Number of protein chains: 2
Amino acid sequence: MTAMNELVVLAERPTTIIEPQTCRLETAPIPEIADGEALVQVGWLSIDPTIRTWMDDAPGYLPPIGIGDVVRSGGIGTIIESKSDRYRVGDTVFGTVGWQRYAVAGEGQAGMTVVPEGVDPLLAINVLGVTGLTAYFGLLEVGNLRPGDTVVVSGAAGATGSTVGQIAKASGAGTVIGLAGTDEKCALLVDELGYDVAINYRTDDVRAALKAAAPKGVDLYFDNVGGELLDIVLAQLALKGRIVLCGGISSYTTPGRPSGPSNYLNLITRRGRMEGFIILDYAKRYGEAQGALLTWVLEGKLKHREHLVHGLEHAPEALNLLFTGGNTGKVVVVV
Amino acid sequence: MTAMNELVVLAERPTTIIEPQTCRLETAPIPEIADGEALVQVGWLSIDPTIRTWMDDAPGYLPPIGIGDVVRSGGIGTIIESKSDRYRVGDTVFGTVGWQRYAVAGEGQAGMTVVPEGVDPLLAINVLGVTGLTAYFGLLEVGNLRPGDTVVVSGAAGATGSTVGQIAKASGAGTVIGLAGTDEKCALLVDELGYDVAINYRTDDVRAALKAAAPKGVDLYFDNVGGELLDIVLAQLALKGRIVLCGGISSYTTPGRPSGPSNYLNLITRRGRMEGFIILDYAKRYGEAQGALLTWVLEGKLKHREHLVHGLEHAPEALNLLFTGGNTGKVVVVV
């Protein structure tokens, strides 16, 4: 019996979270590689909120995933066959592998990054991957973090959020405040991840708690969530405050247009700025960021946590964890 | 009979536009000036949307106008008595005079700017005043206008908007598109004020017209209005597009919180930026801007229009014109 590829394809477009009929497990022959390509055996999948946005039939920074196509996803694997000078059999690679057991690594733009030997794949998929890079450039470049800044992070116990808080502390921020949805997550933020204050947005009076924790206002808000929390922070923005738009996870699984931030005119009175970014734009500077991130990891200033889900077929449920608040740290599917 | 001062005071806080009971005309003795002060006979009042925001009991960049206090307003007048080395009798001054016939010019922060001899007071109150300065710094500094940019301006036939479009053309913008509320205003924009395209937001299909006029998207949106137009432009923002928040006039006279821009997450996919500003922050650079503005006026590149309303007692109705779309160009009350 020949080994086969297994793929999770998009069967129909979801309107809320992913339902049983959204995806379908298929089998197909293992791809043949051409000259300049290599075959990747996928080991781990990076489960990111943006995957859900690609499932919608809406224009975005990448085209929507086609119906019947493998679900687009970052991931890490091992080169098991190569007709390319760029990949050697045995190399660990990071790239857009998709939700499947075998993927093709091409050259040039479609290429994958070889992970240096000795780097833990879970470190590569989390802190040194899209998650850490997003936190790094979002906070330091888009947000222009300044020493002493009061920083607020939503989705603070998620993959990106837990990294943002630690980078902020390592980079000289003042008070760093995390918003999370359970007391366990809040405890983790303060006890292990260096946050000064954690606010449970489901049970606390966020307006009052934020006013107490940030009496001079919020200098920098790293927003993964959107919704009502964005409005609360806008109302308490400090002069020249910056809002880094990383995501709007509170609206991704709600059909129709989200309600916009009704306090946005505070950007005028506070002379504030709200700015979005996509990590792909910083591709040329990944090396610089990865060096800084690895240094913080080795110094013990940047801890990483992964929430492991076992089995390719469970990738859809793994993605749902991001929208139900079921994860702490980076969700990774062990293929 | 001794001459008296007349003042328009805030009698009660309005909830929508200004109603007859909102303001009250009062008489009082002409103020006595102390050492270091001068007495100003007010000639013209600058009627700006921001005055309406000061009437609300809400935190802003300046404290609300107190009940019973003269309505805060910029204006121009003549020094008729002076105990200050800074002002000579006969000087024309610009500053926060309030809706009254006689005001006191102090020194230092509470001081007024002396308008150079030979400058038309209507030029000083419009293009060289807050209106022109707002257009200049908003477009060039906050908006970071670049050669060839496709620029959209809302409230384009208003005081600020009509100036923004002309500065954009004089500074190398590509297509400049104005949004206005009547066909007469749209004709004025294209025929006299150098706009390339005008869209009547009340009668045109703005989405389709904007797509036709800006097929590659909007690089810079100078927003005086907010509301649904902001959402439409967000949906058609170009990569790295900038939205300059100058005002939200569509919401100033509506009680409660405005609906926010529900397409704000497009700032992520387009890597866009939305930023507010207050012209007071640029006070140290007014001279530089006024030099450039005056040059454009003298070169015939920057036309100014004033919508004159005669009589101090009509200042409240003059302010309402801004919210009913009744004006074209800068609203000025001739005291």
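Refer to the structure presented above.
Source: prediction; values computed, not measured. (Residues numbered from 1 in each chain as written. Chains lettered and ligands numbered in written order. Predicted model: local features only at pLDDT ≥ 70, side-chain atom pairs only at ≥ 80, totals over all residues. Heavy atoms only, no water.)

## Quick look at the pairing of strand 5 (residues 92-96) of chain A
All names here are of chain A. The cut-off we apply is this: What makes two strands pair is DSSP finding at least two bridges between them. In this text, helices come from DSSP runs of H or I with a minimum length of four residues, and strands from runs of E with a minimum of two, each type numbered from the N-terminal end.
Inspection of the sheet shows strand 4 (residues 74-82) paired to strand 5 by five bridges, in the antiparallel sense. Paired with Gly74 across the two strands is Thr96, which belongs to strand 5. Alignment of strand 5 against strand 7 (residues 113-115), held across three bridges, turns out to be antiparallel. Bridging from a neighbouring strand, Val93 pairs with Val114 of strand 7.

## Things to note about the interface of chain B and chain A
Let me state the cut-off plainly: It only takes one pair of heavy atoms within 4.5 Å for two residues to be counted as in contact. Buried area is understood as the total, over both parts, of accessible area removed when two parts are fitted together, assessed with a 1.4 Å probe. A pair is scored as a salt bridge if a Lys or Arg side-chain nitrogen falls within 4 Å of a carboxyl oxygen belonging to Asp or Glu. Polar contact is the term for a pair of N or O atoms within 3.5 Å; when the atoms are in protein, one must be able to donate a hydrogen and the other to accept it, and sequence-neighboring residues count only if both atoms are side-chain atoms. Note on residue classes: Ala, Val, Leu, Ile, Met, Phe, Trp, Tyr, Cys and Pro are nonpolar, Asp, Glu, Lys and Arg are charged, and everything else, Gly too, is polar.
Across the boundary between the two partners, chain B contributes 35 residues, which contact 35 residues of chain A. Here chain B packs against chain A, burying approximately 2,800 Å² in sum over the two surfaces, 58% of which is carbon and sulfur. The tally of links from chain B across to chain A stands at two salt bridges. One salt bridge connects Asp281 of chain B with Arg271 of chain A, and the closest N-O pair in it is separated by 2.6 Å. Applying the counting criterion to the chain B and chain A interface returns five residue pairs in polar contact (both at pLDDT 80 or more). Listing elements by their share of the side of chain B that touches chain A, those giving two or more residues are helix 7 (227-235), helix 8 (249-252), helix 9 (266-269) and strand 13 (273-276) of chain B. Partitioned by chemical class, the residues of the side of chain B that touches chain A number 14 nonpolar, 13 polar and eight charged.

## Some words on the nonpolar core
How we decide: Nonpolar core, defined: a set of buried Ala, Val, Leu, Ile, Met, Phe, Trp, Tyr and Cys residues in which side-chain atoms within 4.5 Å join the residues together. For each residue, the accessible area found with a 1.4 Å probe, counting protein chains only, is set against the maximum for its type, and the residue is called buried under 20%, exposed over 50%, and partly exposed in between.
Counting 119 residues, the largest nonpolar core has Leu45, Met55 and Trp99 of chain A together with Leu45, Met55 and Trp99 of chain B as the members making the most contacts within it. If one sorts the elements of this core by residue count, helix 11 (residues 315-324) of chain B sits on top with six residues. In this structure, Ile76, Val127, Leu139 and Tyr286 of chain B belong to the second largest nonpolar core, which totals 46 residues.

## Describing the pattern of salt bridges
Side chains carrying opposite charge are able to pair once their charged atoms draw close together. For the structure on display, the rule yields 28 salt bridges over all chains. Two residues, Glu26 of chain A and Arg24 of chain A, come together in a salt bridge whose shortest N-O distance is 2.9 Å. Residue class for Glu26 of chain A comes out partly exposed when judged on its relative accessible area of 26%. By relative accessible area, Arg24 of chain A is classed as partly exposed at 40%. Salt-bridge contacts for Glu6 of chain B lead to Arg101 of chain B; the nearest nitrogen and oxygen are separated by 2.6 Å. Here Glu6 of chain B is found in strand 1 (residues 4-10), whereas its partner Arg101 of chain B is found in the loop between strand 5 (92-96) and strand 6 (102-105), with 95 residues between them in sequence. We classify Glu6 of chain B as partly exposed; its relative accessible area is 22%. Classification of Arg101 of chain B by relative accessible area gives partly exposed; the value is 24%.

## Let's talk about the relation of the copies chain B and chain A
Condition: Superposition of the copies was done by least squares, using only C-alpha atoms of residues whose pLDDT is at least 70 in both.
Least-squares fitting of chain B to chain A yields an RMSD of 0.0 Å, with the superposition described by an axial translation of 0.0 Å and a rotation of 180 degrees. Both copies are brought into coincidence by an operation consistent with a two-fold rotation axis. When C-alpha distances to the rotation axis are compared across chain B, the minimum falls at Gly260 of chain B, with a value of 2.0 Å. Both copies share a contact surface, since 100% of the interface residues of chain B are interface residues in chain A too.

## Side note on the environment of Gln21 of chain B
Residue and element names in this part refer to chain B. Mapping Gln21 onto the fold places it in the loop between strand 1 and strand 2 (23-29). For the pair Gln21 and Ala11, spaced ten residues apart in the sequence, the C-alpha separation amounts to 6.9 Å. Filtering out sequence-adjacent residues up to four positions away, Gln21 remains in contact with Ala11 and Glu12.

## What about the packing of helix 3 (residues 130-142) of chain B against helix 10 (residues 286-298) of chain B?
Residues and elements named next belong to chain B. The condition is simple: Angles shown run from 0 to 180 degrees and are taken between the N-to-C directions of axes, each axis being a line fitted to C-alpha atoms and, for helices, limited to the stretch in contact. Between 65 and 115 degrees an angle is taken as roughly perpendicular, under 35 as roughly parallel, over 145 as roughly antiparallel, and anywhere else as oblique.
Across the interface, helix 3 lies against helix 10 with an axial gap of 10 Å and an inter-helix angle of 100 degrees. By the angle between their directions, the pair helix 3 and helix 10 is classed as roughly perpendicular. Residues Gly132, Leu133, Tyr136, Phe137 and Leu140 of helix 3 touch helix 10, and the partners they reach there are Tyr286, Glu288, Ala289, Gln290, Ala292, Leu293 and Trp296. Considered class by class, the residues forming the contact of helix 3 with helix 10 number nine nonpolar, two polar and one charged.

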